[in-house]
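# Coordinate inspection notes
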Amino acid sequence: MEAASLPAAKPKALRVVQDWLSKYGLIVVLLAMPVYYGIQDLSDEGDLSRLGGNIVDGLSNGSIWALVAIGYTLVYGIIELINFAHGDVFMIGSFTAAGFFGTIGLTAGMGIPGLALGLFLTLLVCMLTTGALNVMIERVAYRPLRGAPVLAPLITAVGFSFILQNVGLLWRGGSQEGIGDLINSQNTLFTITGVEITNGDLLAMGTTIPLVILMVMFITRSRLGKAMRATAQDPEAARLMGINVDTTISLTFLLGGMLAGAAGLIYALYQTTIWYAQGFTAGLIAFTAAVMGGIGNIKGAVLGGLIIGIIQQIADNRIGTEWTPAIVFAYLVLIMVFKPSGLLGEQTREAG
Amino acid sequence: MTAAMGNRNVKIAIFLVGLFIVAILPLFFNESSGFIDDCTLALAYIVMALGLNIIVGFAGLLDLGYVAFFAIGAYTMGWFASGFYAEADIHVFVGEFASSIPGIHVNFLIVLIIAAAFTTLAGIVIGLPTLRLRGDYIAIVTLAFGEIIHRIAINGDEVQIAEGFPLTNGRQGITPVDKIDLPFIEPFTSLNLRPWYWVALALALFVLFVNFRLRDSRLGRAWIALREDEVAAISMGIPAVKTKLLAYGTGAAFGGMSGAFLASYLNTVNADQFAFSFSIFVLAMVILGGLGSIWGVVLGAVALTFINYRLIPDVLNDVPNKVGLDFDLSELSFGIFGFLLVIMMVLRPEGLIPERRRQMELEQGIGTGDTELDLVEP
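Quick summary incoming for the structure in this document. This one's a predicted model, so the numbers in the text were calculated from it and none came from an experiment.

This paragraph deals with the interface of chain B and chain A. A common way to express how large an interface is: the accessible area buried when the components associate. Contacts between the two partners involve 33 residues from chain B, matched on the other side by 34 residues from chain A. Per-class residue counts for the side of chain B that touches chain A are 25 nonpolar, 4 polar and 4 charged.

This part takes up the sheet that holds strand E2 (residues 89-92) of chain B. All names here are of chain B. Pairing is mixed in the open sheet, where 3 strands are placed in the order E1-E3-E2. Each having just a single partner strand, strand E1 (81-82) and E2 make up the two edges of the open sheet. Here E2 runs beside strand E3 (residues 103-106); their pairing, made up of 4 bridges, is parallel. Residue pairing for E3: aspartate 89 is matched across the bridge by glycine 103.

Attention now goes to helix H8 (residues 218-228) of chain B. Because each turn of an α-helix spans 3.6 residues, side chains separated by three or four positions in sequence point in the same direction. Residue and element names in this part refer to chain B. All of the buried residues along H8 are Leu219, Ala222, Trp223, Leu226 and Arg227. Looking down the long axis of H8, one finds its buried residues gathered within 135° of arc, a one-sided arrangement. As for H8, its buried residues are in contact with helix H2 (34-58), helix H7 (194-215), helix H9 (230-235) and helix H10 (240-266).

What follows concerns helix H6 (residues 199-221) of chain A. All names here are of chain A. In this model H6 runs 33 Å from its N-terminal to its C-terminal C-alpha over 23 residues, within 8% of the 33 Å that 1.5 Å per residue would give. Residues of H6 that are buried include every one of Gly200, Asp201, Leu203, Ala204, Thr207, Thr208, Leu211, Val212, Met215 and Ile219, and no others. Here the buried face of H6 lies against helix H2 (49-79), strand E3 (195-198), helix H7 (223-233), helix H9 (245-271) and helix H11 (298-319).

Bringing the packing of helix H10 (residues 278-293) of chain A against H11(A) into the picture now. Residue and element names in this part refer to chain A. The interhelical angle for the contact between H10 and H11, taken along N-to-C directions, is 125°, at an axis separation of 7 Å. Here H10 is positioned oblique relative to H11, judged by the angle of their axes. In the packing of H10 onto H11, the handedness of the crossing is right-handed. In this structure, H10 contributes Ile285, Ala286, Thr288, Ala289, Ala290, Met292 and Gly293 to the contact, and H11 contributes Gly300, Ala301, Leu303, Gly304, Gly305, Ile307, Ile308 and Gln312. Class assignment of the residues belonging to the contact of H10 with H11 gives a composition of 9 nonpolar, 6 polar and no charged.

Criteria and thresholds
Residues numbered from 1 in each chain as written. Chains lettered and ligands numbered in written order. Predicted model: local features only at pLDDT ≥ 70, side-chain atom pairs only at ≥ 80, totals over all residues. Contact = placed C-beta atoms within 7 Å. Nonpolar A, V, L, I, M, F, W, Y, C, P; charged D, E, K, R; others polar. Pairing = 2+ DSSP bridges. Helix = DSSP H or I, 4+ residues; strand = E, 2+ residues; numbered from the N terminus. Buried ≥ 20, exposed ≤ 12 C-beta atoms within 10 Å, placed from the backbone. Arc of directions from axis to C-beta. Expected span 1.5 Å × (residues − 1). Axes fitted to C-alpha atoms, helices over the stretch in contact; angles between N-to-C directions. Parallel < 35°, antiparallel > 145°, perpendicular 65-115°, else oblique. Left-handed = near helix turned anticlockwise from the far one by under 90°.

If you want it as structure tokens, here you go:
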């Protein structure tokens with residue numbers, strides 16, 4: 001009796017463990033680093049302010065990745081293509097911002113109203129430039145290959161990524177370039193329970209949150225957003241229902257590009273250094289974020305971006321900046337292998 | 001003698017004549033001429049491109065992290081044939097000069113085999129996680145692995161395997177690396193490039209031969225079947241896991257062999273050599289020549305090597321200045337490769353010398369469109 005029931009019980013226990021791992025394994029892996037260093041902080045210093053600082057910085061950084069990741073996720077949701085050039089579109093956004101500061105003569109000495117107006121103008125210019133650029137890339141490099149094997153547009157995407165990097169290289173040279181710290185981004189604005197909130201943090205979150213809300217509203221409420229979701233679900237059926245699929249895809253690239261442009265501006269203001277190769281790493285990090293959240297899912301991209309930002313900040317602060325990309329990419333591989341559907345993966349078909 | 005056999009004999013004759021010309025080519029140039037230098041690089045890149053062709057062209061697995069295998073092969077050479085680990089004192093079948101200096105010095109041919117073994121293993125390790133994934137996810141995971149290896153190469157000087165044995169020498173690079181030292185002939189020097197050329201040629205011929213034999217083998221047909229239709233191939237009894245891993249392993253081994261050769265030839269193993277752009281450089285060779293087409297890939301490798309090392313820096317470099325623009329064309333080289341990728345994919349996705357099977361597919365693709373039209377028209 002007992003002998004018969006034992007082998008049956010064992011697989012069940014194993015299955016429970018497996019189910020639990022596939023549900024929460026990713027979350028456990030993600031929590032490992034903050035929890036480990038939190039305990040270390042508590043035992044060494046007695047409070048969590050250092051970890052808190054990491055998390056706040058991470059959230060600001062993460063909001064930049066979130067904006068870039070939405071671009072990946074939108075495009076993947078609608079045409080199942082990893083838009084490899086997206087990171088470099090983000091880089092062009094940073095460069096446009098830096099160029100436009102010079103053109104309109106924005107300096108840190110201006111009053112807050114003038115600066116705010118100037119930055120708002122820059123934001124518009126950046127978003128329009130990168131949006132248009134992204135639409136152009138789609139038109140030139142992806143549309144002719146619709147219906148070709150999956151790898152063909154991916155290869156043109158890689159090609160375009162290189163072209164854009166070279167544009168950046170010619171535009172502002174090959175070395176890292178410091179740009180004026182217009183908003184005194186490291187200036188502490190206020191302190192909550194030992195955690196410093198800087199101007200940069202406020203700017204990053206204050207720009208990202210409205211943009212993401214606007215984006216989600218557009219996609220869930222507007223007619224064009226509905227067309228986008230329909231095309232993502234079934235392009236053929238959408239076409240039959242009278243939706244212009246090509247225009248809808250262009251619109252998706254426009255939105256993704258605009259968010260990347262905004263992210264580029266925030267990055268330039270927050271990091272105050274830009275260079276032509278920033279887009280490659282940023283693109284991979286943001287892609288990791290998109291996959292982590294569940295590709296095709298906007299909320300997932302935002303969540304993934306924030307988490308990756310925190311991981312990156314903790315790694316920067318505790319392990320060493322030079323190892324951070326390797327750690328983020330290791331996370332990418334782990335997620336791809338063990339949970340390719342991501343944290344909120346069940347909703348991927350909805351693309352919203 | 002049948003017509004087919006006659007055709008085959010003509011092909012073999014053309015190949016032998018071509019081989020003879022290629023083999024005696026360095027005798028017409030100065031021992032240390034830049035042309036032989038470029039040719040030697042081209043041959044080494046042919047080996048690499050043929051390796052990548054097995055993964056991308058035959059098996060259809062887009063690998064964007066091929067540089068990882070170059071890195072591992074080169075570091076194998078750096079570890080086992082240089083004075084880098086000065087505290088060790090190991091000498092295996094090496095000439096007088098290498099025997100007299102401290103460090104680990106192993107004969108080139110043995111290192112070549114070790115490099116092939118290491119990279120095969122690395123190829124399988126990198127391949128394993130991608131088995132369940134779709135094509136574009138494979139690309140990203142391999143890219144991530146390539147970047148991780150690159151990062152480890154850059155920061156490896158902080159990683160101590162044992163006291164006094166760092167993993168890599170970071171951006172300073174492991175240098176000098178032992179010159180190739182074959183039995184019965186004079187040790188190679190950097191002044192006479194001809195022997196290097198012939199060794200590279202021998203490697204390229206070996207890899208070429210293996211490529212042809214593999215393509216026509218049971219395994220090669222299995223790769224192509226998996227590339228064409230994975231579900232159908234599996235249901236016909238092709239073991240997908242084993243077949244894909246063999247593609248990664250073989251392709252990686254060629255990358256490693258070429259990497260070991262290049263480490264010795266370039267006399268350095270430097271972390272900056274292993275950037276993502278190199279993966280794209282090799283991929284561009286495969287795409288330019290034609291995915292899956294062996295002669296196409298050879299042509300692509302030769303063409304891109306000469307574009308990169310001769311045409312852009314020497315011949316065309318003054319062009320921007322002449323038309324009044326202020327930049328070096330060599331800065332643009334990777335933009336040019338990117339442009340090449342886009343143009344090739346949009347205008348001629350089958351490559352310069354298309355593989356017969358792929359060309360058929362592309363033409364049939366157009367054909368199906370035509371039949372639809374036939375249905376509409378009376």
